[in-house]
Amino acid sequence: RASVKKITTGSQALDGLLGGGIETRTMTELFGEFGSGKTQICHQVSVNVQLPSEKGGLSGKALYIDTEGTFRTERIKAMASALGLDPKEVLQNIMSIRAINTDHQIAIVEELQDIISKDNTIKLVVVDSITSHFRAEYSGRENLAVRQQKLNRHLHQLVRLAEIYDLAVIVTNQVMARPDMFYGDPTVAVGGHTLYHVPGIRVQIKKSRGNRRIARMVDAPHLPEGEVVFSITNTGIRD
Ligand code: ADP
Ligand code: MG
């Protein structure tokens, strides 16, 4: 695992939980309720990946697949400025793509292979969120098996990209406060359950008091389980 590189999240505590930061060659899943901060972390890491290695980045670019329309250029600019980076330049180094449905989302990831093989400066791929279109299009128990099959294939493609091109993949997954209401849907299973049959790191994000958030490591193969606290501030993710 010596060749794995890390991208800082902006919080030393969260980096510590992750064994130094968001890893390359791995898919990291952020799951949690609406408003827990999944999208904020994705924005922050898209900025931070551009930092030089001595500041916790990979001097790389990001590809941001936005399925919910929550990508905000203004937020990127604010986070960039706070780090003393040129906001325009930082924004140019984040290719954001709005995916309108599952087929589109899958097609984008299939095309990434081509894009990334021609541009080895791409060091981060974000899919925010991985599950929203799948849930909307394949609702109902009778569609669950087909949906999981399609989703698993999609996730495996992302894992493969991470491994082949030594880049970090972050996917988000919104879960409900009352997962028992969605019994039988494996993507809603909160806790120690295995969501998908793909390798990777799973981190649960939970709301705490005010701008404080709790991150919990869930069944990581090579990292200890545990919880840390971080904050979402107007300048971004911090301790
Ligand atoms: P999720 O993607 O998990 O649904 P978000 O990442 O969108 O949640 O987090 C939303 C939360 O982030 C807001 O409720 C707010 O607390 C915080 N947040 C968003 N923008 C800012 C900002 N500019 N300054 C401070 N906090 C912010
Ligand atoms: Mg979000």
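Up top is the structure these notes are about.
Fair warning: this is a prediction, and the values are worked out from it, not measured in the lab.

Participant: Give a description of the overall build of the chain that names residues and reports values.
Facilitator: On a plain count of helices and strands, the chain comes out with seven helices and 11 strands. Considering only contacts in the chain between residues 6 or more positions apart, those separated by 24 or more positions represent 67%. With an accessible surface of roughly 10,700 Å², the chain has 52% of that area assigned to carbon and sulfur atoms.

Participant: Lay out empty space enclosed by the protein in plain terms, naming residues and giving numbers.
Facilitator: The full count for this structure, using the stated rule, is one cavity of 30 Å³ or more. Roughly 30 Å³ of internal volume is contained in the largest cavity. Surrounding the largest cavity, T9, L14, L18, I22, L30, I41 and V203 form its lining. Grouping the constituent residues of the lining of the largest cavity by class yields six nonpolar, one polar and no charged.

Participant: Residue-level account of helix α3 (residues 73–82), with values.
Facilitator: Residues R75, I76, M79 and A80 constitute the buried set of α3. For α3, the buried positions fall inside an angular range of 135 degrees around the axis, keeping them on one side. Along its buried surface, α3 packs onto α2 (38–48), α4 (87–92), β5 (94–98), β10 (226–233) and β11 (236–238). At the C-terminal side of α3, G84 shows a positive phi close to 75 degrees.

Cut-offs used in this document
Residues numbered from 1 in each chain as written. Chains lettered and ligands numbered in written order. Predicted model: local features only at pLDDT ≥ 70, side-chain atom pairs only at ≥ 80, totals over all residues. Heavy atoms only, no water. Helix = DSSP H or I, 4+ residues; strand = E, 2+ residues; numbered from the N terminus. Contact = heavy atoms within 4.5 Å. Areas by Shrake-Rupley, 256 points an atom, 1.4 Å probe, with all protein chains shown as cover. 1 Å grid on protein atoms, 1.4 Å probe; cavity = no way out; pocket = protein on both sides within 12 Å on 5 of 7 lines; lining within 4 Å. Points joined across faces, edges and corners; volume = space filled by probe spheres on them. Nonpolar A, V, L, I, M, F, W, Y, C, P; charged D, E, K, R; others polar. Buried < 20%, exposed > 50% of the residue type's maximum accessible area, 1.4 Å probe, protein only. Arc of directions from axis to C-beta.

Function cannot be inferred from these measures alone, as they are strictly geometric.
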